[in-house]
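Below are the chains, spelled out letter by letter.
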Amino acid sequence: MLRTILRTQCNIFCCLLLAVSVTAFGKTNVNIKYKVSGIGEPALTNVQDRLKVSQKNLANLSKEQMREKIQQQVPEEVKRALEPFGYFHPEVVAHYHHLSADKWNISIHIKPGPAVRVSDVTIEITGPGANLPELQQYIKQFPIKKGDVLNTADYDDAKKNLFAMAYNAGYIGANYKKSRIFVDRKNQTAKVVLHLDTGLQYYFGTVRFQQTMFDPDFLQRYVRFKPGEPYTTEKLMQLNKALNSTDYFSNVSVHPLEKQTHNQQVPIDVNLTPSKGQKYTFGAGFGTDTGPRGQVGIHWRHLTSTGQNFQAFLQASRIESSLNAHYYIPGKNPITDRTFIGATYSTESPNTSHGETGAFSVGHQFVFHHWKTSLSMAFQHDHYSLRDLPYRTTNLGLPRLTLLRTHVDDIIFPRHGFLTDFELRGSSRAFGSTSFIQGISSGKWIISPNENSRLLMRTKLGMTGVDNLERVPLSLQLFAGGSQSIRGYDYKQLGPGKYLYVASTEYQHKLYKNIWGTAFVDAGNAVNNIRHPERGLIGKPGKLANVHPTDIAKVGAGLGLMYVSPIGPLELTFADPLTDRKRGLAIQFTMGANL
């Protein structure tokens, strides 16, 4: 009896297994390759994308079902894909090539026929914001015009843009009373009708910060609008960006509470998650100017509830090393303004010169008409030797003004951008060992004629007004030469001099993926007398005979290879010092952003 029961159960199981197997083998997934002709972009891409999506519906069908479904669905999907581009009566001819159970090649030829054209565009704006200049200007330049081929994607974009302009200007209750396209298939025409009602103007309410670490009055300094001002999403984005740009928070979330408005005022909630109290940085690199170099830094970010913070950095290399420490106090507008107290100690040994510098400084940083500006006063002690001359010691009171303006389309590898800076500094015997005044100006520009090329140009000019240049410490002298100055010459090989002038042009062309080839010409010098460079050269007192014009301008030119890495360009150059051919070819390496 038991044997009979087991045999019966086994037979039932085998039958079920066979049924499942037959079902599985009777159905299959499908692999279809489409070849579409007769239309161009962007309609072609839309047809291809729609066919790929519809292909998913063919999975697990029997052969007969698949054949019937393919022949039915292909023409329908093509016609639907063409309608957004104004083609409502296309002729679709498809040839089906059944290669195997699950493989098909389908050739589709399309005759799109006459396109539907826009015969009329009616745009009506009502409500208190109807006369907004940005809305009226957009209507005048509305992207859909009478006579255009109907494109529903363009219509959707224009509709969204018109609504966004009203919403972003504070009309958060804006809505479309009517938004339709009336298509006359018989006459191949379409009418576009949009009626936007702006609704009431809304205003900013109070801004509430959800956090416990910082003084609320300090955080309010980041808010560049007041309750009662017209509500705009642009100002909310600026607030979000300003808070994110600080090191105080690991997460910033700005929420307008549109459902809690009172008297058309929108309260704003800002949720802040503090960052860690300390931030440590470590870095290493190499450049032919300085050799191997390393950096260690620490940033105490939350010293006080009013945002005061402290940073210290140690940078070390064979040629230059420095220790910098600064205490920062945010200003009235902490986005752009801060006061600092700093101390630095540095050493440098370019060529046959050597110097040690210690300084204490106080200053204020702010933005003046788009220029990042710094005013400071430093008290500086130097012990130095210029070109193997005897060591000197100076103590200077050093007021300084710096201006910086920059704009780039990409921080790591810009294709278009510029950087311009000016610096004015000096001292007087009333404050220290010597009197002098010095001005330095530099500029960098990047343009890209096309996707595969970049042109980099840079200049640097400097002048030191002083009776005896040897009285100016090494840390404040003007030099030329090096991978960021005149290639083909060693770092700070040229000079020091009262006058500095450097110009460079470099062309870069993409060779393969992130590999670029470069060609460049650099020229300039650092001299004491532009007309008579032989007069008063540091380390060579008196007047030298047989001065050659190349003493006035040194020229280096050459070729290079550049790799665009995630941390910025890495460039290896081979430079020939054309005005000193006996020096031979110089191989130099740089890394980091160009601006």
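Since the model is a prediction, treat every value here as computed from it, not as a measurement.

(A) Highlighting helix 7 (residues 233-244). Its twelve residues place the ends of helix 7 16 Å apart at the C-alpha level, agreeing with the 16 Å of an ideal helix rising 1.5 Å per residue. Among all positions of helix 7, only Thr-233, Leu-236, Leu-239, Ala-242 and Leu-243 are buried. Buried positions along helix 7 lie against helix 5 (152-168), strand 7 (203-210), strand 8 (249-256) and strand 9 (265-274).

(B) View of helix 5. Under the 1.5 Å per step criterion, the end-to-end length of helix 5 is 24 Å for 17 residues, consistent within 8% with the ideal 24 Å. Those residues of helix 5 that sit buried are Tyr-155, Ala-158, Leu-162 and Ala-166. Projected down its long axis, helix 5 shows its buried positions confined to an angular sector of 70°, all on one face. Among the structural elements, strand 4 (117-126), helix 4 (133-140), strand 5 (175-184) and strand 6 (189-197) are those in contact with the buried residues of helix 5. Residue Asn-151 occupies the N-cap position of helix 5, its side-chain oxygen lying 2.9 Å from the main-chain nitrogen of Ala-153. Two residues or fewer past helix 5, Gly-170 is found with a positive phi of approximately 105°.

(C) Molecular detail of the environment of Phe-182. By secondary structure assignment, the location of Phe-182 is in strand 5. When the C-alpha positions of Phe-182 and Asp-120 are compared, they lie 9.8 Å apart, and in sequence the two are 62 residues distant. Not counting chain neighbours up to four residues away, the residues in contact with Phe-182 comprise Thr-189, Ala-190, Lys-191 and Val-193.

(D) A look at the pattern of salt bridges. All chains considered together, the criterion is met by 16 salt bridges. Note that Glu-470 is salt-bridged to Arg-392, the shortest N-O span being 3.8 Å. Pair noted here: Glu-470 is in the loop between strand 20 (453-465) and strand 21 (478-480) and Arg-392 is in strand 17 (residues 392-408), with a separation of 78 residues, a long-range link. By relative accessible area, Glu-470 is classed as partly exposed at 25%.

(E) Fine view of the packing of aromatic side chains. On inspection of all chains with the given rule, the structure shows 14 aromatic pairs. Considering the side-chain rings of Phe-214 and Phe-218, the 5.9 Å spacing of their centres and the 40° angle between planes classify their relative orientation as tilted. Each of the two residues, Phe-214 as well as Phe-218, counts as buried. Over the aromatic face of Tyr-176 sits the side chain of Lys-159, whose NZ or CZ is 5.5 Å from the ring centroid.

(F) Quick look at the environment of Arg-224. Mapping Arg-224 onto the fold places it in the loop between helix 6 (216-220) and helix 7. Along the sequence, Arg-224 and Ala-242 sit 18 residues apart, while their C-alpha atoms lie 9.9 Å from each other. Ignoring anything within four residues of it in the chain, the contact list for Arg-224 reads Lys-332, Asn-333 and Ile-335. One polar contact links the side chain of Arg-224 to the main-chain carbonyl oxygen of Arg-221, over a distance of 2.7 Å.

(G) Focus on the sheet that holds strand 7. The sheet built from three strands is open, its strands ordered 7-9-8 with mixed pairing. Because the sheet does not close on itself, it has two edges, and the strands there are strand 7 and strand 8. Strand-to-strand, the axes of this sheet are offset by a mean angle of 20°, without reference to chain direction. When strand 8 meets strand 9, the two strands line up antiparallel, connected through seven bridges. Each bridged residue has a counterpart across the sheet, and for Ser-253 the counterpart in strand 9 is Asn-271. Its contacts with the sheet put helix 7 on strand 7, strand 8 and strand 9, and the angle it makes with strand 8 is roughly 165°.

Rules behind the numbers
Residues numbered from 1 in each chain as written. Predicted model: local features only at pLDDT ≥ 70, side-chain atom pairs only at ≥ 80, totals over all residues. Heavy atoms only, no water. Helix = DSSP H or I, 4+ residues; strand = E, 2+ residues; numbered from the N terminus. Expected span 1.5 Å × (residues − 1). Buried < 20%, exposed > 50% of the residue type's maximum accessible area, 1.4 Å probe, protein only. Contact = heavy atoms within 4.5 Å. Arc of directions from axis to C-beta. Polar contact = N/O pair within 3.5 Å; in protein donor to acceptor, adjacent residues only side chain to side chain. Salt bridge = Lys/Arg side-chain N within 4 Å of Asp/Glu carboxyl O. Phe/Tyr/Trp six-rings, centres within 6.5 Å; stacked < 30°, edge-to-face > 60°. Lys NZ or Arg CZ within 6 Å of the ring centre and 35° of its normal. Pairing = 2+ DSSP bridges. Axes fitted to C-alpha atoms, helices over the stretch in contact; angles between N-to-C directions.

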